[in-house]
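What follows is each chain in one-letter form.
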Amino acid sequence: MTETALLQATNVRKHFGEIEVLKGIDLTVRQGQVVSLIGASGSGKTTFLRCVNLLEEHDGGEILLDGDPIGYRMAGETRKRLSETKISAQRARIGMVFQQFNLFPHLTAGQNVMLGLTKVQGKSTAEAREIADHWLGRVGLAERRDHYPYQLSGGQQQRVAIARAVAMQPRLLLFDEVTSALDPELVAEVLGVMQSLAESGMTMLLVSHEMLFVREVSHHVLFLDQGRVAQAGAPSEVFDNPQSERLRSFLGRFHGIFSR
Amino acid sequence: MDFSMAPGTFLFEAWQARASLLSGLGVTMLSSALSIVMATVCGILMGVALSYGWWWLRLLARLYVDLMRGIPVLVLILFTYYGLALFGVNVAAFWAGVIALGAFATAHVAENFRGAVESVPAGQMEAAKAIGLTFGKRLTYVILPQAFRRMLPPWVNTGLEIVKGTTLLSIIGVVELLLSVQQQMARNYMIIDFYLLATVFYLIINFTLAQLGALLERKTSYLRY
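## A look at the overall build of chain A
Thinking step 1. Check the secondary structure of chain A and you find nine helices and twelve strands.
Thinking step 2. If you line up chain A on its principal axes, its C-alpha atoms span 55 × 50 × 40 Å.
Thinking step 3. Each of the 260 residues in chain A was classed as buried or not, and the buried ones make up 46%.
Thinking step 4. In chain A, the proportion of contacts linking residues at least 24 apart, taken out of those at least 6 apart, comes to 65%.

Written out as structure tokens, the structure is:
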């Protein structure tokens, strides 16, 4: 394929003190693709996702979004950290949905979605409200526009959070274990929204333990183990033909979920 | 206590002295209000420095807070009025008092602010970053509205302390409520009666302030977790 990747990570490294949590991650996400990271906790999936959105800074390798390095620019041979404004502008091109929803509790569902539209993209309140209504409708919460987060269930809060992220029309949407904090019966409504986004061609990078879902929607799956990509490929390859004992035993824990 | 209005009774004396008592009350309320505004504005700025400043700014703010919390307000008032005069800075007694009280309470507000900001879950800042808000906007639209709610109870406390602290301005000759009451006593020797009158005034001011705080808390009660 000759088209440039939307997200291209090469040899990404990250330390927390002495501990190296990412030991050289390579990953490519193309426009319209859904790419999933799976792996045990502590394998570095979430840290990698946070590096893409600059909530953490990687300290080796590079992450390119549409060909631009994330978080810094090269001045000759040295990396120079981008200014706060430029970093914010890069973040605005990437949406992120969190495990704990992180809705703003002092704002209604509608205001949560509108905040970025008005304060980052400079849209008028009327226009922002129209966009917010559209996306709240898409996630099935049109009538909850004026509800505060505490008046919504976990599943509804997470759907508002998805609407908030996608309303910004990001180039790429990141999902960080977005169903892990939900009661089992609320998981499906959130996965349903994600599936419909994937089908509409949204480019998505997700970390998830919902193996059935990952297998169903992903174009590409990476199994991370101790900060490295241990196996990557199409979902069928990774799930049906695990190359390492670690992946076999990791998937074994989800056994039963797969024997459909 | 005799509550008739005949000459020589408390009510008569109080009515006679109404102009100076009201003026004292006004000075108390004005100096309180100015100090509260100063402490709130400066305290929040200093709180931002404490929470988010470069290391040297945090250090300076920390030094200020520890210094202000460590010395008695009265010493601060005397220093602002008499001490600064030694360096050729002459400040009117009223303003010296307002500045000293405001500077003192600034330290408290700053520390309350820092605590309030730190108690806002880290995910809030991250979500605000994720939608691309710059630092100032993250603070303005996401962190501060939540921090204010958490700051409210200690902020009301600081306000009450300031109102009571204005009595210290009498030491440098500002005729606020306490001093104006004392001036009346010197004339009519009705000591208990006039101290009680002052007490009632202070209670009314502080009760009103506390109710205002409670109202603000109710107005922002949607901020639950």
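So that's the structure; there's more coming.
## Quick notes on the overall build of chain B
Thinking step 1. Across its full length, chain B carries nine helices and zero strands.
Thinking step 2. Starting at the N terminus and walking to the C terminus, you meet the elements of chain B as α-α-α-α-α-α-α-α-α.
Thinking step 3. Here chain B, with 225 residues, has 35% of them falling under the buried criterion.
Thinking step 4. Long-range pairs, those at least 24 residues apart, make up 73% of the contacts in chain B between residues at least 6 apart in sequence.

## With respect to unusual backbone geometry
Residues and elements named next belong to chain A.
Thinking step 1. Of note, the phi angle at Asp-66 is positive, near 50 degrees, even though the residue is not glycine.
Thinking step 2. By the element assignment, Asp-66 lies in the loop between strand 4 (60-65) and strand 5 (68-69).
Thinking step 3. Under the C-beta neighbour-count criterion, Asp-66 is labelled partly exposed, with 13 such atoms within 10 Å.
Thinking step 4. Of note in the backbone geometry, Gln-226 takes a positive phi value of approximately 50 degrees without being a glycine.
Thinking step 5. Residue position: Gln-226 is located in the loop between strand 11 (220-225) and strand 12 (228-233).

## What to know about the nonpolar core
Thinking step 1. Ranked by size, the top nonpolar core spans 124 residues in total, and within it A:Val52, A:Val113, A:Ala163, A:Leu174, A:Phe175 and A:Leu205 carry the most contacts.
Thinking step 2. Counting residues per element, this core draws most heavily on helix 5 (residues 93-119) of chain B, which supplies 13 residues.
Thinking step 3. Here this core spans two domains, since at least three of its residues come from each of domain 1 (1-93 + 172-180 + 197-260) and domain 2 (104-169) of chain A.
Thinking step 4. Excluding anything up to four places from it in sequence, A:Ala163 contacts A:Val113, A:Trp135, A:Leu136, A:Arg138 and A:Val139.

## Details of the domain arrangement of chain A
Residues and elements named next belong to chain A.
Thinking step 1. Annotation of chain A at the domain level lists domain 1 (1-93 + 172-180 + 197-260) and domain 2 (104-169).
Thinking step 2. Distance between the C-alpha centres of domain 1 and domain 2: 26 Å.
Thinking step 3. Of the residues lining the interface, five residues belong to domain 1; the matching set on domain 2 comes to five residues.
Thinking step 4. Of the residues contributing to the side of domain 1 that touches domain 2, the split by class is five nonpolar, no polar and no charged.

## What about the sheet that holds strand 2 (residues 19-29) of chain A?
Residues and elements named next belong to chain A.
Thinking step 1. Strand order in this open sheet of four strands is 2-1-4-5, and the pairing throughout is antiparallel. Lying at the two open borders of the sheet, with one neighbouring strand each, are strand 2 and strand 5.
Thinking step 2. Two strands pair when backbone bridges link them, and strand 1 (residues 7-16) and strand 2 are joined in this way by eight bridges, in the antiparallel orientation. Paired with Lys-14 across the bridge in strand 2 is Leu-22.
Thinking step 3. Its contacts with the sheet place helix 1 (residues 45-52) against strand 1, strand 2 and strand 4, and it is angled at close to 115 degrees to strand 1.

## Quick look at the interface of chain B and chain A
Many authors give the size of an interface as the accessible area that is lost as the parts come together.
Thinking step 1. The interface of chain B with chain A comprises 20 residues on the first partner and 23 residues on the second.
Thinking step 2. At the level of secondary structure, the elements contributing two or more residues to the side of chain B that touches chain A comprise helix 6 (122-130) and helix 7 (135-165) of chain B.
Thinking step 3. For the side of chain B that touches chain A, the class distribution of residues is eleven nonpolar, five polar and four charged.

So, how was this worked out
- Residues numbered from 1 in each chain as written.
- Chains lettered and ligands numbered in written order.
- Predicted model: local features only at pLDDT ≥ 70, side-chain atom pairs only at ≥ 80, totals over all residues.
- Helix = DSSP H or I, 4+ residues; strand = E, 2+ residues; numbered from the N terminus.
- Buried ≥ 20, exposed ≤ 12 C-beta atoms within 10 Å, placed from the backbone.
- Contact = placed C-beta atoms within 7 Å.
- Core = buried A, V, L, I, M, F, W, Y, C linked by C-beta atoms within 7 Å.
- Domains from an automatic or database assignment.
- Nonpolar A, V, L, I, M, F, W, Y, C, P; charged D, E, K, R; others polar.
- Pairing = 2+ DSSP bridges.
- Axes fitted to C-alpha atoms, helices over the stretch in contact; angles between N-to-C directions.

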